[in-house]
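Tertiary structure, described
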Amino acid sequence: MIGRLNHVAIAVKALEPAAAVYRGALGASVSAPQPLPEHGVTVVFVELPNSKIELLEPLGEASPIADFVARNPKGAVHHICYEVDDILAARDRLRDNGARVLGGGDPKIGAHGKPVLFLHPNDFSGVLIELEQA
Ligand code: CO
C-alpha cells in the first residue's frame, strides 16, 4: 500500500533563513513561499533529485505547529509524507489496523493540491505521518 516518500517536513520559526541555507550552502532549488491558511502554515519546497524537503513556518494565531516550533526553536523534523494510490482505502486499512487518523479522517487538500491525511505519531514510532494521494 505505502508508496514513494513524497517529502520530509522541517518546522522552523522563520522560513527565509532556513530556505537561504538550502539555496546557498546546499545549492538547492527552493520554491516561493506558499501560505496555506487552512493548515495554519506557510511552506516552501526544496527540490531534491529523489524527493522534497518541506520547510514549514507557523501561520496565524492558531497554527497547529506553533507549540512544536516553541519547543524546537532551532527547527526540527515535523513529519514525513508517504504517497498512497487511494487515500480513502489507505485510511480504512490503517483504521482496521488500529492506527489513529487525525482530524476526523476526512482528507484535506494539501500543499500540492492533492488530498492528505495525518496519522498519530504514537502509532508510527513517534513520527507524525502525512499520507498524500499519489
Ligand atoms: Co507535508
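On a predicted model such as this, the values are computed, not experimentally measured, just so you know.

**Here we look at the coordination of the cobalt ion**
On the protein side, the cobalt ion has His-7 (NE2), Glu-54 (OE), His-79 (NE2) and Glu-130 (OE) as donor atoms, found 2.0 to 2.4 Å from it. Classification of the site at the cobalt ion rests on its four donor atoms, whose angles at the metal span 84 to 172°, yielding the label irregular. For the cobalt ion, the single-chain donor residues occur in sequence as H-x46-E-x24-H-x50-E. With His-7 in strand S1 (residues 2-11) and Glu-54 in strand S5 (residues 52-58), the pair connects residues that are 47 residues apart, well separated along the chain. Accessibility assignment for this pair places His-7 and Glu-54 in one class, buried.

**A word on helix H3 (residues 87-96)**
Count 3.6 residues to each turn of an α-helix, and residues three or four apart come out pointing the same way. Taken together, the buried positions of H3 are occupied by Ile-87, Ala-90, Arg-91 and Leu-94. Down the axis of H3, the buried side of the element spans an arc of 100°, and every buried residue falls inside it. Where H3 is buried, its residues contact strand S6 (76-84), strand S8 (115-119) and strand S9 (128-133). Two or three places before Leu-88, at the opening of H3, Asp-86 has a side-chain oxygen 3.1 Å from that residue's backbone nitrogen. Just past H3, the residue Gly-98 takes up positive phi, approximately 90°.

**Section: the layout of surface pockets**
Of the volumes computed, that of the largest pocket is approximately 590 Å³. Taken together, 27 residues line the largest pocket, and the ones lying closest to its centre are His-39, Pro-64, Lys-108, Phe-118 and Leu-128. Taken together, the elements giving at least two residues each to the lining of the largest pocket come down to strand S4 (41-47), S5, S6, S8 and S9. Roughly 180 Å³ of volume is contained in the second largest pocket. Forming the boundary of the second largest pocket are Pro-64, Asp-67, Phe-68, Arg-71, Val-77, His-78, His-79, Gly-126, Val-127 and Leu-128. Among the elements of the structure, helix H2 (66-71) and S6 are those that each provide at least two residues to the lining of the second largest pocket. A per-class count over the lining of the second largest pocket returns five nonpolar, three polar and two charged.

Reading the values: rules and limits
Residues numbered from 1 in each chain as written. Predicted model: local features only at pLDDT ≥ 70, side-chain atom pairs only at ≥ 80, totals over all residues. Heavy atoms only, no water. Donors = N, O, S within 2.8 Å, 3.2 Å for Na, K, Ca; no water. Tetrahedral: all angles 85-135°; square planar, octahedral: opposite > 155°, others 65-115°. Helix = DSSP H or I, 4+ residues; strand = E, 2+ residues; numbered from the N terminus. Buried < 20%, exposed > 50% of the residue type's maximum accessible area, 1.4 Å probe, protein only. Arc of directions from axis to C-beta. Contact = heavy atoms within 4.5 Å. Polar contact = N/O pair within 3.5 Å; in protein donor to acceptor, adjacent residues only side chain to side chain. 1 Å grid on protein atoms, 1.4 Å probe; cavity = no way out; pocket = protein on both sides within 12 Å on 5 of 7 lines; lining within 4 Å. Points joined across faces, edges and corners; volume = space filled by probe spheres on them. Nonpolar A, V, L, I, M, F, W, Y, C, P; charged D, E, K, R; others polar.

This is a description of form; function is not addressed.
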